[in-house]
Amino acid sequence: MAPAIMLAADTKLSSANTGFMLICSALVMLMTPGLAFFYGGMVRVKSTLNMLMMSFISLGIVTILWVLYGFSFAFGTGNSLLGFNADWIGLSNVGLTELWDGYTIPVFVFMVFQLMFAIITPALISGALADRVKFSAWALFVALWVTIVYVPVAHWVWGADGWAYKLGVIDFAGGTAVHINAGAAALGVILVIGKRVGFKRDPMRPHSLPLVMLGAGLLWFGWFGFNAGSWLGNDDGVGALMFVNTQVATAAAMLAWLAYEKIRHGACTTLGAASGAVAGLVAITPSGGAVSPLGAIAVGAIAGVACAAAVGLKFKLGYDDSLDVVGVHMVGGIIGSLLIGFFATGKGQSTATGVFYGDHTWTQLWKQCAGVGAVLAYSLVVSAVLAFLLDKTLGMRVTEDEEISGIDQAEHAETAYDFSGAGGGVTGTLAAHAPAAAQTRKVDA
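Residues numbered from 1 in each chain as written. Predicted model: local features only at pLDDT ≥ 70, side-chain atom pairs only at ≥ 80, totals over all residues. Heavy atoms only, no water.

Where helix H7 (residues 209–228) contacts helix H8 (residues 238–265), the two axes come as close as 9 Å, and the packing angle between them is 145 degrees. In this structure, H7 crosses over H8, and the sense of that crossing is right-handed. Counted together, Trp220, Phe224, Asn227 and Ala228 of H7 and Gly239, Met242, Phe243, Thr246, Gln247, Thr250 and Ala251 of H8 form the full contact between these two elements. Split by residue class, the contact of H7 with H8 holds six nonpolar, five polar and no charged. (Axes fitted to C-alpha atoms, helices over the stretch in contact; angles between N-to-C directions. Helix = DSSP H or I, 4+ residues; strand = E, 2+ residues; numbered from the N terminus. Left-handed = near helix turned anticlockwise from the far one by under 90°. Contact = heavy atoms within 4.5 Å. Nonpolar A, V, L, I, M, F, W, Y, C, P; charged D, E, K, R; others polar.)

Below, the discussion takes up the environment of alanine 128. Relative to the elements of secondary structure, alanine 128 occurs in the loop between helix H3 (107–125) and helix H4 (135–158). The class of alanine 128 is buried, set by a relative accessible area of 0%. Separated by 195 residues in the primary sequence, alanine 128 and leucine 323 have C-alpha atoms spaced 5.4 Å apart. Contact partners of alanine 128, with chain neighbours within four places excluded, come to Ala186, Ile190, Asp320, Asp321, Ser322, Leu323 and Val325. (Buried < 20%, exposed > 50% of the residue type's maximum accessible area, 1.4 Å probe, protein only.)

Glancing now at unusual backbone geometry. Although it is not a glycine, lysine 200 sits at a positive phi angle of roughly 70 degrees. Tracing the sequence through the fold places lysine 200 in the loop between helix H6 (175–193) and H7.

In this section: the packing of aromatic side chains. By the definition in use, this model includes 28 aromatic pairs. Arranged with centres 6.3 Å apart and planes meeting at 80 degrees, the rings of phenylalanine 75 and tryptophan 100 form a pair that is edge-to-face. Note that phenylalanine 75 is positioned in helix H2 (residues 48–75) and tryptophan 100 in the loop between H2 and H3, a separation of 25 residues in sequence. Judged by relative accessible area, phenylalanine 75 falls into the buried class, the value being 7%. Taken together, the ring pairs connect Trp66, Phe71, Phe75, Trp88, Trp100, Phe110, Trp145 and Tyr150 into an aromatic cluster. (Phe/Tyr/Trp six-rings, centres within 6.5 Å; stacked < 30°, edge-to-face > 60°.)

Encoded structure:
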């Protein structure tokens, strides 16, 4: 997020910046349904609805918690670890035109923009847990995780008195607070709940690559609001730089992932194109305001190759990250955050420079390492503890029989596709020619 900017005492609300930020908030909201489609297409048919619901439920749970207390503790003043503002509990004492400190947008607009970040972060975790988690346990995990993990980390990174913010850790739009946070949490949870039935034995291919591509497209589209909006206005061109770098890095990462696939496996896949694009989006999220467009190409290309290589680690190391949340989001977030220490030009969001632009003491790189290491360790450990406690009380996993037969039917009493009503076949032909009375009796029965 943007650092506080000293404005005149008579600063007034900017309708242009306010409108821009409301649009960006809507774009970030769209990313959660986009993520649901992205993940939903990557799982088997019998898990499609559950995957969609694991993202959608975050829209409900996190919204209410953010209004009740999340925003207050994340962005209120307090200490370097956690903030608090009594006026923001339930948003009970926020004026309609009360401005966010140092900016020309209302507190309400900043609050809702940050809400969309808080919503999508736990939804990202869900991709690692596909096929095997009770929906009720997942919903409770989301509520607890946002409260205990996301809110403090957001304060560290973006709060005016957060320790990482004051240290000078650069995270333009969520490389640490969102992607490393979610990726480390995913790793912590899957180490506790274990592997899917048939992991490394049964084929677990995506059931709908068109859905995956649709989801990736929606994510790419929404990410412009996610990234460019994080400067909270359009007054100095930094948001425009971030917009350009978002597009450039994503394109570079997609091409790099496909090149890696072609060399390693002999084909350029649609899944690889979608995954590479997301890897680029993740990596440029923390760094896009600090690097040049040429630097963005480097960030994207490095992330594309590194994340493509990282997704195979689950088979070598034996952890079941169903949809590669660790390989793409955690690894991509780490790469994007650390590369700031090399490629920061000092001409974007701040004067901080990287090793390649004169920082011969590697000062910014060490700051980035501190932020990355702290968020990764905290999220990994606390998320694992939360999962362990829930597993020992409510139970995190569905039964083996329910997992094999299909979590959609077991947890939601629905299936994504009604093949029986698709037309044709003996049943459909007989029903079409049956007397009306017989059809009525069949329905009544």
